[in-house]
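Fold and contact review
In case you want the letters, here they are:
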Amino acid sequence: MHRTIFTTPVVAPLLRGFSVGFLRLTGWTVEGSLPPEATKSVFIAAPHTSNWDLPYTLMAAFALRLTPYWMGKAGIFRFPFGGLMRWLGGIAVDRSKSNNLVAASAQAIVEADGPLQLIVPPEGTRSKTRYWKTGFYYIATTAKVPIILAYMDYDTRRVGLGPVFDTTDDIEADMTRIKAFYKPFKGKNADQFDQEM
């Protein structure tokens with residue numbers, strides 16, 4: 001995978017200190033830690049309802065000492081911001097093309113020579129949507145890595161890592177359990193996060 005802000009010498013420790021300080025000063029609490037068996041993993045990022053989710057996610061990742069990569073719509077990777085978005089850990093996703101994103105993402109995780117946490121918002125958009133996309137689920141099961149239930153709650157100003165989610169052979173039941181975990185959390189634009197099963 002490409003070098004990111006999280007793996008850049010000198011810059012990463014400075015930004016870690018800034019992130020911890022900023023989150024503390026603005027009243028955010030960072031919770032949880034990455035289990036040793038999950039250095040390669042897929043994170044569910046929910047609720048995702050605002051552009052503000054990205055900077056808070058990046059600061060939380062610094063505070064938690066993660067090595068994250070995240071998926072974003074291809075439009076934000078256009079000139080002049082493409083290089084910056086990739087340095088921030090971004091991977092462009094072209095939603096208009098039918099490509100095998102699951103297989104490519106799983107392969108990238110397997111072939112990574114170090115820690116890699118792939119952050120995937122299951123809603124697939126900041127807009128209100130009732131049905132979550134299952135790409136994160138198939139990426140994790142294909143790569144044989146854990147799913148981490150990461151969360152951000154603007155109501156209580158908590159951000160962190162929840163439990164490792166163990167998948168079964170029943171994706172519908174698994175998705176119901178995952179959405180149940182996220183039911184208490186409020187996004188910045190809470191009305192855009194559909195918590196129905």
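Notes on the structure in this doc start here.

Quick notes on the environment of Leu161
By the secondary structure assignment, Leu161 is in strand 7 (residues 158-165). Judged by its relative accessible area of 8%, Leu161 is buried. Those residues in contact with Leu161, other than ones at most four positions away along the chain, are Glu31, Gly32, Ser33, Leu34, Phe43, Leu64, Leu66, Ile148, Leu149, Ala150 and Tyr151.

Examining the packing of helix 1 (residues 11-25) against helix 2 (residues 53-63)
The contact between helix 1 and helix 2 brings their axes to 8 Å, and the two run at 110°. Taken together, helix 1 and helix 2 sit at an angle that is classed as roughly perpendicular. Crossing handedness for the pair helix 1 and helix 2: left-handed. Residues Ala12, Leu15, Arg16, Phe18, Ser19, Val20, Phe22 and Leu23 of helix 1 form the contact with helix 2, whose participating residues are Tyr56, Met59, Ala60, Phe62 and Ala63. Partitioning the contact of helix 1 with helix 2 into residue classes produces 11 nonpolar, 1 polar and 1 charged.

Some remarks on the packing of aromatic side chains
Under the counting rule described, the total for this entry stands at 14 aromatic pairs. For the ring pair Phe181 and Tyr182, a centre distance of 5.1 Å and an interplane angle of 90° mean the geometry is edge-to-face. In this structure Phe181 comes out as partly exposed when scored by relative accessible area, which is 23%. Look at Tyr182 and you get buried, because its relative accessible area is 0%. Every member of this aromatic cluster is reached through a ring pair, and the members are Trp132, Tyr151, Phe181, Tyr182 and Phe185.

Conventions used here
Residues numbered from 1 in each chain as written. Predicted model: local features only at pLDDT ≥ 70, side-chain atom pairs only at ≥ 80, totals over all residues. Heavy atoms only, no water. Helix = DSSP H or I, 4+ residues; strand = E, 2+ residues; numbered from the N terminus. Buried < 20%, exposed > 50% of the residue type's maximum accessible area, 1.4 Å probe, protein only. Contact = heavy atoms within 4.5 Å. Axes fitted to C-alpha atoms, helices over the stretch in contact; angles between N-to-C directions. Parallel < 35°, antiparallel > 145°, perpendicular 65-115°, else oblique. Left-handed = near helix turned anticlockwise from the far one by under 90°. Nonpolar A, V, L, I, M, F, W, Y, C, P; charged D, E, K, R; others polar. Phe/Tyr/Trp six-rings, centres within 6.5 Å; stacked < 30°, edge-to-face > 60°.

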